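Below, each chain spelled out in residue letters.
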Amino acid sequence: MFRHILIPTDGSRLARRGIRAGVRLAKALGARVTGVYVMLPATARGYDETAIFYAGISARGWRHTFDKAARKALSVIEAEARGAKVPCNTLVVHYRQPWKGILTAAQRSKCDAIALASHGRGGLGGLLLGSETQQVLARSRLPVLVVR
């Protein structure tokens, strides 16, 4: 069935649910996992809805802060996979839109499924806050396991 599962994380408690489910699925199927953390680029390319500005922090300081967050978030995936004896790789990708980073990572890593968590916001809440999970579901050509 699935041989390689991508597990995105943002380091949140909610993401841990997706991590656990993805690793359990991989163990049951004899698959491997790749954990991915999507980091925003340090420099904005223009002024649009994805432009983010960090007052009082240099690009170097910004990168150091987010590299540290990425390592911490990905270490959770590594620990879960190690505990389940599931082969695991991790990577950090740089995209302004996390859903694009997730899909690109899945394609580059030659994954055949994606496992991620969702807040389960729908209706107006999902519309106002946006949903990376919704974007992944709408655009992925791969099967997506969504955990609430």
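Per chain, residue numbering runs from 1 following the sequence as it is written. Since the coordinates come from a predicted model, pLDDT governs what is reported: local features require at least 70, and pairs of side-chain atoms require 80 or more to be given and counted, while whole-chain, interface and lining totals use all residues. The side-chain figures draw on all heavy atoms in the structure; neither hydrogens nor water molecules are used.

A. Summary view of the overall build of the protein chain. Helix and strand assignments come from DSSP, with helices taken as H or I runs of at least 4 residues and strands as E runs of at least 2, each series counted from the N terminus. Looking only at helices and strands, the protein chain has 5 helices and 5 strands in total. Start at the N end of the protein chain and walk to the C end: the helices and strands fall as β-α-β-α-β-α-β-α-α-β. A simple rule labels every residue: compare its accessible area, found with a 1.4 Å probe on the protein chains alone, to the largest value its type can have, and call it buried under 20%, exposed over 50%, or partly exposed in between. Counting across all 148 residues of the protein chain, residues that qualify as buried make up 38%. Throughout, a residue-residue contact means that at least one pair of heavy atoms, one from each residue, lies within 4.5 Å. The long-range share in the protein chain, meaning contacts at least 24 apart out of those at least 6 apart in sequence, stands at 75%. Working definition of accessibility: Shrake-Rupley area with a 1.4 Å probe, residue cover restricted to the visible protein chains. Surface exposure of the protein chain reaches about 9100 Å², of which carbon and sulfur atoms provide 51%.

B. Main features of the side chain of Ser-131. Within the secondary structure layout, Ser-131 lies in the loop between α4 (123–129) and α5 (132–139). With a relative accessible area of 16%, Ser-131 lands in the buried category. Under the rule applied, a polar contact is a pair of N or O atoms within 3.5 Å (in protein, one hydrogen donor and one hydrogen acceptor; residues adjacent in sequence only if both atoms are side-chain atoms). Here Gln-134 takes part through its backbone nitrogen, which lies 3.0 Å from a polar atom of the side chain of Ser-131.

C. Representation of the packing of helix α3 (residues 98–108) against α5 within the structure. Relative to each other, α3 and α5 sit at 45 degrees, their axes nearing to 8 Å. Between α3 and α5, the angle falls in the class oblique. The two elements α3 and α5 meet at a crossing, and its hand is right-handed. Counted together, Pro-98, Trp-99, Ile-102 and Leu-103 of α3 and Glu-132, Gln-135, Val-136 and Arg-139 of α5 form the full contact between these two elements. To obtain an axis, a line is fitted to C-alpha atoms, over the contacting stretch when the element is a helix, and the angle between two such axes runs from 0 to 180 degrees between their N-to-C directions. What sets the label is the angle itself: under 35 degrees gives roughly parallel, over 145 gives roughly antiparallel, 65 to 115 gives roughly perpendicular, and the rest give oblique. Two helices cross in a left-handed way if the nearer one is turned anticlockwise from the farther one by less than a right angle. They cross in a right-handed way if the turn is clockwise.

D. Layout of the pairing of strand β4 (residues 113–117). Extensive coverage of β4 is indicated by the burial of 5 of its 5 residues. Burial of β4 is two-sided: the residues Ala-113, Ala-115 and Ala-117 facing one way and the residues Ile-114 and Leu-116 facing the other way are all buried. Any two strands with at least two DSSP bridges between them are considered paired. Bridging between β4 and strand β5 (residues 144–147) involves 4 bridges; their strand directions are parallel. Paired with Leu-116 across the bridge in β5 is Val-146.

E. Main features of α3. All of the buried residues in α3 are Trp-99, Gly-101, Ile-102, Leu-103, Thr-104, Ala-105 and Ala-106. Where α3 is buried, its residues meet β1 (4–8), β2 (32–39), β3 (88–94), β4 and α5. Within two residues after α3, Lys-110 carries a phi angle of roughly 60 degrees, on the positive side.

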